[in-house]
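Notes for the structure review
Listed below, chain by chain, are the residues.
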Amino acid sequence: MRRILVILTTALTWISGIDAAYADDQAGHYALNADGSRDCTRLIASGNPDYPPYLWKSGDGRTLDGAAADFLKRVGELAGVEIDVIQAGSWSRVQHNMQEGTLDMIAGAFLTAARLEYMDYFFPAFQGTRTVIWTLDNLDLNYRQWSDLQGLEGLTVIDNSFGQEFDAYAVENLSITKVPSLEQGLKMLTYNRGEYLIYEEFPGKAFAARQRITNIRSYDTPVSTENLYLTMSHKSACNTGALRGRINRAVLKLVTEDAMKDMLEASIQEWGDQTN
């Protein structure tokens, strides 16, 4: 079995400490009723901050923008609740907060057995995604299947899932270094610190454009195709059958109306305007 490596350096530990402190500054600060109980007309959500055009840090650094945030807020409106989509740190930190119950919801997560242990999923999925292999443009892996990655040094972001089947295959067969952010993964790839990077197609393209990284390529054959879901923490004080029912009806309505299409187009335009 090949061991999946995790980068642990003094610099990254320092960054993680800042990230955790910042997350604690917002996560868990819920609106309360006069008697001190949770005000469940206001929920706190977050998500992967390195995920344009679905999610990215806003200009003030305290909230997340993007199509997934817009979709979740619209769901809240239909369900009769206000949902604040905050910047709660790295994707790893966001998932930790969901386990602890210091966040109510996530605006976009893949479905895995491990995550079912600490959060409920709302169906149907609101968006499909493709995860692809990224390399320098002067390298051709001739990638067609997972086994083509064996013997190579890969990169990905901590706590990212690319579907339960691939995740299990990677643990058993691949050598993958995990880094705190997509930005760092892309930089390591351009510095030849890894032979390939695994990440979703749209976010990878968007982030490379923002960082003006032009010497990389992706491969047509996807590693996996997965769906994004809205989720709610098992430990959220507002996680009741009544509220879940209202949220699920709102999700179903918006998916039936294909509302995400316009939101995604608007977010791609917004992200592009910020990049240029």
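The following refers to the structure shown. Since this is a predicted model, take the numbers as computed values, not measurements. (Residues numbered from 1 in each chain as written. Predicted model: local features only at pLDDT ≥ 70, side-chain atom pairs only at ≥ 80, totals over all residues. Heavy atoms only, no water.)

With that out of the way, let us pick up the state of the cysteines. In total, this model carries one disulfide according to the counting rule given. Shown here is the disulfide that connects C40 with C238, its sulfur atoms set 2.0 Å apart. Disulfide C40-C238: torsion about the S-S bond near -90 degrees, hence left-handed. Here C238 lies in the loop between β14 (224-233) and α7 (241-256) and C40 lies in the loop between α1 (10-26) and β2 (42-46), a separation of 198 residues in the sequence. The exposure class assigned to C40 is partly exposed, which follows from its relative accessible area of 27%. A relative accessible area of 1% means that C238 is categorised as buried. (Disulfide = S-S within 2.5 Å. Helix = DSSP H or I, 4+ residues; strand = E, 2+ residues; numbered from the N terminus. Buried < 20%, exposed > 50% of the residue type's maximum accessible area, 1.4 Å probe, protein only.)

What follows is about the packing of helix α2 (residues 67-79) against α7. Where α2 meets α7, the axes come as close as 8 Å, and the angle between the chain directions of the two elements is 120 degrees. What the angle tells us is that α2 and α7 run oblique. Our pair here, α2 against α7, has a crossing hand that is right-handed. The segment α2 lies against α7, with F71, R74, V75, L78 and A79 engaging R246, I247, A250, V251, K253, L254 and V255. Among the residues making up the contact of α2 with α7, the classes are represented as nine nonpolar, no polar and three charged. (Axes fitted to C-alpha atoms, helices over the stretch in contact; angles between N-to-C directions. Parallel < 35°, antiparallel > 145°, perpendicular 65-115°, else oblique. Left-handed = near helix turned anticlockwise from the far one by under 90°. Contact = heavy atoms within 4.5 Å. Nonpolar A, V, L, I, M, F, W, Y, C, P; charged D, E, K, R; others polar.)

Enumeration according to the criterion identifies nine aromatic pairs in this entry. Aromatic pair W146 and F166: ring centres 5.2 Å apart, planes at 75 degrees, arrangement edge-to-face. Here the residue W146 occupies a position in the loop between β9 (127-136) and β10 (153-157), and F166 occupies one in helix α4 (residues 164-173), the gap between them amounting to 20 residues. A residue is classified by how much of its surface remains accessible, and F166, at 2% relative accessible area, is buried. (Phe/Tyr/Trp six-rings, centres within 6.5 Å; stacked < 30°, edge-to-face > 60°.)

Looking now at the nonpolar core. In a soluble, globular protein the nonpolar side chains are often hidden away together inside. Counting 53 residues, the largest nonpolar core has M105, L230 and I247 as its most contacted members. Ranked by the residues each element gives to this core, the list is headed by α2, at seven residues. Setting aside chain neighbours within four positions, we find L230 in contact with F71, L72, V75, M105, I106, A107, G108, D120, Y121, F122, F126 and V251. Core analysis: the second largest hydrophobic core is formed by 16 residues, I44, Y118, Y121 and A125 among them. (Core = buried A, V, L, I, M, F, W, Y, C linked by side-chain atoms within 4.5 Å.)

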